[in-house]
Each structure stands twice: as structure tokens, then as C-alpha cells.
Amino acid sequence: MLGYIVRRLFLMIPTLIGITFLVFMLLAMSPGGIGASLRVSGGQMESSKAALVEAYLEDRYGLDDPVLMQYLRWLGRISPIKTGERDQVKPTGELVRPPKALKSPPLADSWFRDFKLPEGRAAEIEATKGPAAAGTGVGREGETAEVIEYKAAAKNYAKARADYLVSKKNLDKALVRYAEKSGIEGAIKDGKPQMGVFAALPPDTEAPNWNLVRDAGLAVLEAYETAVACRAREIAAFRNGPYPKDGVPVLPGVLSLAMPDLGVAFSRGRPVKDLILDALPVTLLLNFVALPFIYLIAIPAGMLAARYRGSWFDMSSGAIFVAFWSIPTVWAGVLAIGYLADNQYLGWFPVAGLHGNTADEMGFLPSWGSDGFSMGWVGDVFWHIALPVTCLVYTGFAVLAKQTRAAMLDNFNQDYVRTAKAKGVPGRDVLLRHVFRNSLLPLITMFVTIFPAMLAGSVVVEKIFSIPGMGSLILEAINLRDRELILANTFMIAVVNLLALLLADILYAFADPRISYD
Amino acid sequence: MQNRFGFKDFVLLTVVLAVGLLVFLSMIQSDRGWDRLGDLQSKLDEVESRLASSGSGDLDDLRRELSELKTAIATRPININLGGVAAGGIEVSSDGGQAGGSDSGAATETGRDESWARAGVPVDWQEPWQFASEPSEVPGFRRGGEFTEVFGAQPARITPYLSTDVYGRRVIDRVVESLASYDPETLRLRGILADAWQFDPDGRWLRVHIDPKATFSDGVPVTSEDVRWTFMDFIKNPLIEAERSRATLDMIEDVKVIDEHSVEFVFNKSLFTNLDYSLGAYVLPKHFYSKFEPAQINQSTGLLLGSGPFRVENLDPDDQWSPGSDIVISRNERYWGEGSPPLASLRFKVITNSLAALVAYRNGEGDMLTPSSPQYAELRDDDAFAGDNAIYNWLNMRSGYSFIGWQCGPRGGPGGKLTPFHDERVRRGMTMSLDRDRMIRDIWEGIGVVATGPTSPTSPASSANVTPWPFDPEAADALFAEAGWVDANDDGVREYQLDDGVFPKGTDFEFEFTITASGETSERIVSYLKSQCLKNGIVCNPKLVDWSYYSEMLKSRNFDAMIMAWSASAPESDPRQIWHSSSILDQGDNFIQWGNQDADGFIDGGRNTLNFDERMAMWHGLHEVIHQGQPYTFLRVSPWIRFVKRDIGNVVTHKTGLEPQEFFRAAVPAPGN
């Protein structure tokens, strides 16, 4: 058994990689591509500024890298097995990594091959590698010299990197003007200069905008050299180990184990972990309230329907459950709001959200005070989730009840049941101990598929009742093409799904002694 | 036989579980009580320490204020006399510092201290910011109560400069102040934290004097160092993820502290927007935000402290507001300015489903709602509804406009095929063959007015001389014919009849119309446009796409015609991005590739004109050129629509929008409001 479980766990790894890779590629190939929302929300900004914002954001989230590269980087962060240098953890919990590599400057090998830094500039850059200049304003009380140096170096490099980006954008602008005057075919695509086309041509030093290009190009190279120097300084500061290292080493310097890092959702600028921790409890609450209702009603109803097959109860419960099942949740939700929540009609329930306006002032548990009954914080929450839970519950009866009924009926007709009855075993024991136990297999299969569905939340219900749960989160992530958020959610749901399937297989072995994995 | 799990066991187990659950819940309950006690304790400590440490300081303040009052009483006649002159000075000088010498002379005569200012450039003294509409004069006035606004979308965060959505900004605007803002009536810049400024006639520097009375809501005075820190160490800190503001404010070279209450901005280029952008940026308290590491600020959701009339009570970084719960901001009882808000607190409640939002509003869970267009159309004539609810519909400086953009250049950029719309006559013909009044009536439920140009009609940049092109199919027919599009073979579709080689002779007039697939409104637009084109012998092929496809399409200029809307956030915006021919090539928003020499002239001229009236003349010129060229068919200006409960008093529709700090909650419904 144990060997089987371990084997299954290891098989999950390629499956997970496959699932996330598929989702990631779908995302990358969808119109707008990864991070479409970032690009759209530029709005009415001046074009040079909008381009700059885009460049900043692309750089920060690595959106300008090849798609495969982005996926591999994500995989590296999510993997609990890390290679190379270990990350460090700031006291605030933020992970610190060695600085990202710089992209080599455009046209450096062709047009600006002979470029040299001006006299003295090289020395200036060299000087930035030295120990931190005091008074940069980054240090705080109680911080070690390593930390202060690291913070100064990191800020310095961020600045240099931003300057390098700005200078590259300026070169882009100059090249656009240059190409416009010189009329080079295919040099500008979607407003962006195609460096390959330029590099293949010799620079036209007579062209009217050549001076612009040359100055911009030289500025890029200078900014690049500065950034390289600043990066070297940050790496040195990082290697000094300003903060404690993350995870545990396996092979020092080569392999280590650490918690997976889900990254930062760029549509909201917050760590994915925080977003999920905000949304998950809400969805779980809804489902943990809804599930017992479904099971406690559907399974006994299915058993009774099978026991008294063909009776009025069998027929009516079947009809009612199927009728419920066929009512679309969207419609039911809207009707519930329109009639049950609207004060013009019944107004029994609140319309949206999880808490009333005064929830914070309430006691926790329901209580009878001097001013009558107060339902308390807990009561308030249950009152608020009554309608959404109803919407989640009513569609669930049919499938489960019908499954139970069918499985029970299968077993009722078996020989052992007849034998048991013939032996004089009481009817209740036949039903519960013989038939029901043997009907568990399909129910187990159904039961485990519930978990991933619970995580994903019910998109429709959450949308209608304005509940900030996982469903809303995932929907928004898809709409905004938020790479980190989609991948993290996919990953989580996939993991839970695979674990649930494994759990089902293990439960089979318990429910049916004939099944064995050894 | 083995022990069976019987009914009795089940009951027993249930009872045990229930008791366990109750014990657990009451543990949480007492824990919650403990937390609240802790909160109270820390608040008490804070008050105590403040009393202990700043008691003498407060006394000093009082003494100073008293002496100021004394001098004010002593010099009263002079002040009143010259008040008008000073006010005149403001009007002239918000024209961009183009005031004459006499004004500066007048200003010094008021006896105001101008030692902080540069010599030779007139100072714009600002009247203190007051209510645009005084609430206490409205019948039913009362202080106290909470006001709840229903938001249609979830703000991701309310940390200033990191929040990028409009809802977040609405909350921040109540809590954090900027140096100056737009006057709700005149839409001119008026000082809030700044009580005076001087702007270099060449637009290279701006010196600002901060009102010495100004304090943040925690009682710490606003100083020039806070301003400098906000710009140089917060926005320009590359580790803070405020890229948008950093790019917008990249013309600020440096911010220098002159003395405790004055700063100087140094700009690297001279543009009219320098004044608006630098004065309009939020001023943050250095002592609060510098406590945090950049990463803490980047990941924060509700770190919000400022000098405004409202404040966030909970500033604990470990327990800040986060999306999912209501945002509550309460009145800043130590507000330094004139006009402390009557409302005790504002609550912002997010309900994303529009039906649910309306029901919640009608149930009394909200006091203000932005209804959807169909909801507005359904309820605007409902007398029973109007009894309890005031219905507002007005244009303001934030009113955006929707338009159909025609591809004026080659489709897909240089080297692409021309569309019929490269000809100005065709574009004008298209505009004249669309009945925009009817479109507003039938498509947008009659909400809005026909747009004439790229600015809101309330904006001073909008020319009053421009009236929308009339709906005139015959004139349109003549224009199409003039451009060479005539239906010669009587198949119901116009063909190109000229031999100039722009299009092969006999080409059908056909175009692709791109629109986002977003429900009923898009369907109505498509069916109207299609039928109207058919009547005019034009084939319109609608293409419904996902919104995220739009940005790609716009960037590659790969469309014939498309519909979109621009929003606005200030009375005046820089038109270069959308209308200048230089924005065609370099990824600008001139995706229709409309290049016009006259327009370029007005844009370049306007951008470099610091004088307000002269600049407005330029913008009016631009408006007229755009109207003639019709690169867009301007459809409608979308007004703001709001439902507000009648027991909220003093709701005045300003040109800047709404000012909730003026609202009050009446004990009884305020008549006529």
C-alpha cells in the first residue's frame, strides 16, 4: 500500500507539470497574451510615458521574456526543490533573490561596436562597487552593516535598471524617427523598432535623425555599463548574507528544499498567497455549510427511494430533485435576490456580502441582551450565506440521490441480499450493513470530486451574491490574464484533484476488501 | 456479537460534538473580546501619550493662533479691502503665472509674508478651501451619521499611488489631500494644502507655500519635507511599485525644500501640465510611510493616512483593510481646514452584481448607487421611487465620451491597404448618416448627449462654436458621391468610380466594424450601424471580439472601424497622445492614424502655452479641426447617474463630480433635495 501511494505521489509531478504547462500555453496564446490587462489599463497617458510604464511592468514581472522562459521560471519558484544559491528571507517575510540578469543592449554588437565609455566614467562606475556610501537613508536602527549595504545596493541597482530601461525606450523612439526619415522597409512593427532589421543594415550616418540615434545609443550603453556595475555590487552584497537563508540545504550550494513561492499577482500587485488566503476561507465556509445538507438529504433519500422502489416517495423525490437540478442557478439566484431579499416583497435575507454594516459591533455568539435578541457575528454570517448556500445546495440533490438509488438497487438484486433476508437478518441491517456498504464505491468516487469543485468555488453563486471567494478570484484572473494567479489556482486545483483521486483509490481498498494495491 | 454503533451512541456522539463546538466558539468569542480590549487599550495609550507629550505644544499652538487672531483683528479693515484684489490675483495667475506686475504689488501690500518666494514673479495667493455648497444652510442640517455608497467593483487596494482603479481613488481622495485641486465650480486649480504658489513664466520651476495650519490626521504638521519626501523618496523610489505615477511625474527633476513651509519643484521640460500634475499629486506623511520597507508598502492594501477631512481608523499594518470587507473612513476630528464634514463616517460597500446592488440600495443598505443604464431608465419616471430617492444625471469633468474611430491611414500600419475612410468626406458622410440622437435614445436608454469633440462639454477646453453634424442622409449621399463612391450598377452597394488608382475602379464600399462582445448594447449598436449602412449602400461587416484583443488590434492599427470610449479625469488633458501625428508611429493612441498639420500645430502650440486663455484658444482650434476632419464619429458624452436617498442632504452635482464631505444625513427627509 505504502509503495503504491509513494509511486502515485511521484507520478503526480509530471501530471502537474503537464496541466500547468497546458494552461500556461493556452493563456500565452489567447488574444492579448499574458498580462493583457496591464497593457490595456495605460489609458490616456502620453505615449512615451505609457510605453515606459509598460517597460517597467514588463521588466518587473518578466513579461518581455520568451514564453517558455516565463513558464520555467514559474516552475522553479513553485518547486520545493531549489537549485543554486538559496533565497534569503527578510524579517517582513519577503524573499530576496540574487538580482535578475540584464538584457544586453540593442545594436551594441553592430552599430555601436566601437563604443567606449567616456574618460573617468569607468572609474565612477567602479566606485559604486565599493562599500555603501553612508547616508543613503535606507538604513534603520538595529540593522547590521550587511543589511544596510544590501539595501543600498538593491536600491541603487533598481535605479540603474530603471535608467537603463528609460534609455532603451529613448533609443526606440529615436530609431522610429530615423526609420521614418530613411524609409527602411519593415523596420517598425506595431510601433516597435525591429532590432534585427536595423542590425543587418549599416548605419546611415548622413541621415537627418542619425545624431538622435547615436546619442541615444551611446546613452543606452553607458546606462548598461552602470547597471552592470550596480548589479555586481548587489550580488556581492547578497553573497554577504544580509538575511537568514530560506529553506534547508540538501547539497550545500547546489540543492536545497524550500516552501513553494506562488509569486505576485500583477493585476493586483499582491502576493498570490495572500489573495488565496483571503478568498479560500470564504469559499470553504460556503461549501462546508452546503455539503452536509446535500449529503444528509440526498443519501437517505436515495436509500429510501431504493428501499421502497416504485412507491410515491421514490417517484416524488426523484421528480422534485430532477426539477431542482434543472433550474439554472443564475435564474434562481436572481429570483432569490429579487423576491426573498427585496424589502418590497419578502425581504427576509440580506442581498450581498458576508457581513452586515453593524457586524463589527456585534457580539460573537447569538445572545439575548437588554435590547432583545442579537444574532451576533456568527448568526449574521449564517444569515448572509443562507441564500448562496441554498443556491449551492438545491442542484446537488439529484445526482447524488439518483446515484445512491441506482447503486443500492444493483445490490438489492444480488444473491447475498436474498441469502441475508432468508437467514432472517433484520431489514435495517440488510439495508445498512450489506447493501449500503456495498453501494459505497460510486459514492466515494462522487465524494472526492467534490473537493476540487469546492476549491474552485461556485463562480455563478459568488458572482450573483457578491461574495469574494475563489470563484470570483479565478474568474477575474482569467479575465485579466494574470499569469501568477491563474497558474497558482490551476496548480492548487490540480493538486487537490490528484490527491482526491488518490484518496478515492485508497478508500476503495477500505470499502471493498477485494481491491488491493500490493 | 461485537458492539454495534446504535442510535444511542449516535445521540451521545452528537451531544459531545455539539458541546465541543460550543466550547470552541465561545473560546473564539472571548478571544475576540480580548482583541477588542487590546485595541481599546492601545488607543487609550496613544491618547495618553499624545496628551503627555504634546500638551505644551498644543498650548503653544493655541497661543500662536490667539496672537494671529489678534493681529488679524487689528489689521481687519485692510484685509477686507484687499481681499478682492487678492482674489483677482488668483484668477489672473491661475492662467499660468501670466499676471502683470501690479498684482504682485497688490499682494505685498496685503502684508503677507513673501520671503519664501522668488523675486520678480507674482505670487498666487489662494483663498482657503471651503465647502462649495455650505451644508449648514440647508434645511434639516444635522451632524453625525453614516453614509454608505455602493461600489460596483472591488478596489484592489487603497494605498495612495499604488491604487490604480477609480474606486480606490475615490476613497483616497477623501483621506489624502494634494497641494491644490480643481474648484468644483470654476474647474480652475485652487490651493488646498498650498496657500500660495508661483509658477515660472517659462514653466521650469514652481514654488509652493504650504498652509502652516495644515496637519495630518494624526496631528503632525504638514511640512515641505513631507512634500519633498513624497515626490523624491516615495514616487521616485525605484523599489516602490508606483510606476504609473513615476512615469506621469517624470518631468519633475527635483523638489527642493526652501524653508519649513515652502518647496520648489524643478522641471526638466516646460509643459502646461507641469502645474496640474505637481499640484494635484497627493502629499503623504513622511513620518508614517517611512516606517515601512518598500516591500511592505508594495504589498499593502490599506495603508492610508493623510491630511483630509476623513481618516482610516485602523492603521495597524498587520490588520489593515483588505478587499472583501467594507471600507469605512471616519471624520477626521482634527481636520485642519475649514469645513469639517457633517457626516461621522463614510462606508463603501462593494456589490458587483447590478441587480443585487439595486435591491440592497432599495432595502436601505446603501445611500448612493450608480445604477446601470436600464435600471436608471426604468426608475427615472417611477413616482413611487422618486418619493424616497433623488435621481441625478449630470455632465462633469470626468464625463467620458464614446466614438466610432475610422481608420484614416493604411490598415495595419505603413504598407497596408487604405480604407475608404482615408477621405475626410467619407468620414463626414458616415457621421451624417448616423442619427446620433436616435442612437442615444434607442441604444443608451436616452442617457447622455451627443458628443462634439474630444473633451467634456463642461471643460473650458471644449469649443462652444462646435455643434454636432446634423443627421442628413442626403448630404451624406452627396459627400460619398463626391469622394467617388456611387452605386452605378444598382446592386445596392456603392462602388468606387474614380480612376485615381487609390482603389481599383468598381471596388465595393465595404468595411469591417470591430466591437467588443459585451451584451445587449453592442448588439444594438451593431444592428443599427449595419442597417444604416445598408440604407446608404455600404456593407458593414461586424466583428465581435474579446476586450483583451483590442489592445493588440489598436497597437497594430489593424482595423477599418471600431467603437470605443475615452474617459476623463481632469478638465484638461494633453491631446498629444491621441491626436498628434507623431503618435501614429511610436505606439501612441492615434490608432486611427489621423495626421493633420493644423491639429499638430494646435497641439504643439497648446502644450507649450502656459497662459490659460491662450491655451484654451488653441484647444478650441483643435476641437474645430477635429470636428471638420471627423476622424472619430463622436457618439455620446456619458453623464454620471446616481440614485441618492432623500435623507441625505446637500447633494450638489458639481462640475468635479460629487463632494461627500458636504453631505449630511438629515433626521427627516430634507425637502426639495
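Caption draft 1: Focus on the interface of chain A and chain B. Counting residues at the interface gives 69 residues for chain A and 69 residues for chain B. Both sides together, the interface formed by chain A and chain B hides about 5,900 Å², and carbon and sulfur atoms give 52% of it. Here chain A is connected to chain B by 3 salt bridges. In this structure, Lys151 of chain A and Glu293 of chain B form a salt bridge, with 2.8 Å as the shortest nitrogen-oxygen distance. The interface formed by chain A and chain B includes 5 residue pairs in polar contact (both at pLDDT 80 or more). Of all the secondary structure elements, the ones that give two or more residues to the side of chain A that touches chain B are helix H2 (36-40), helix H3 (47-61), helix H6 (145-182), strand E9 (270-271), helix H11 (329-341), helix H15 (427-438) and helix H17 (459-464) of chain A. Considering each element in turn, the side of chain A that touches chain B owes the most residues, 9 residues, to H3 of chain A. Partitioning the side of chain A that touches chain B into residue classes produces 28 nonpolar, 16 polar and 25 charged.

Caption draft 2: Layout of the nonpolar core. Grouped together as the largest cluster of nonpolar side chains are 142 residues, with contacts concentrated most on Phe265, Phe511 and Phe513 of chain B. When neighbours within four sequence positions are excluded, Phe511 of chain B is seen to be in contact with Trp406, Phe421, Met430, Cys533, Ile538, Val539, Cys540, Asn541, Asp560 and Ala561 of chain B.

Caption draft 3: Region of interest: the sheet that holds strand E7 (residues 255-257) of chain A. Residues and elements named next belong to chain A. Sheet architecture is open: 3 strands sit in the order E1-E7-E6, paired in antiparallel fashion. Both outer strands of the open sheet, strand E1 (81-83) and strand E6 (248-251), are each paired with one neighbouring strand and no more. Adjacent strand axes in the sheet meet at a mean angle of 35 degrees when their direction is disregarded. Bridge analysis of E1 against E7 gives 3 bridges, and the strand direction is antiparallel. Among the inter-strand pairings, Lys82 is bridged to a residue of E7, identified as Ser256.

Caption draft 4: Main features of the pattern of salt bridges. All names here are of chain B. All chains considered together, the criterion is met by 47 salt bridges over all chains. Between Asp326 and Arg347 there is a salt bridge whose closest N-O contact spans 2.8 Å. Here the residue Asp326 occupies a position in the loop between strand E9 (310-311) and strand E10 (327-331), and Arg347 occupies one in strand E11 (residues 345-350), the gap between them amounting to 21 residues. Each of the salt bridges in this network shares a partner with another, and the network as a whole consists of Glu146, Asp326, Arg347 and Lys349.

What counts, and at which threshold
- Residues numbered from 1 in each chain as written.
- Chains lettered and ligands numbered in written order.
- Predicted model: local features only at pLDDT ≥ 70, side-chain atom pairs only at ≥ 80, totals over all residues.
- Heavy atoms only, no water.
- Contact = heavy atoms within 4.5 Å.
- Buried area = accessible area lost by both parts, 1.4 Å probe.
- Salt bridge = Lys/Arg side-chain N within 4 Å of Asp/Glu carboxyl O.
- Polar contact = N/O pair within 3.5 Å; in protein donor to acceptor, adjacent residues only side chain to side chain.
- Helix = DSSP H or I, 4+ residues; strand = E, 2+ residues; numbered from the N terminus.
- Nonpolar A, V, L, I, M, F, W, Y, C, P; charged D, E, K, R; others polar.
- Core = buried A, V, L, I, M, F, W, Y, C linked by side-chain atoms within 4.5 Å.
- Buried < 20%, exposed > 50% of the residue type's maximum accessible area, 1.4 Å probe, protein only.
- Pairing = 2+ DSSP bridges.
- Axes fitted to C-alpha atoms, helices over the stretch in contact; angles between N-to-C directions.

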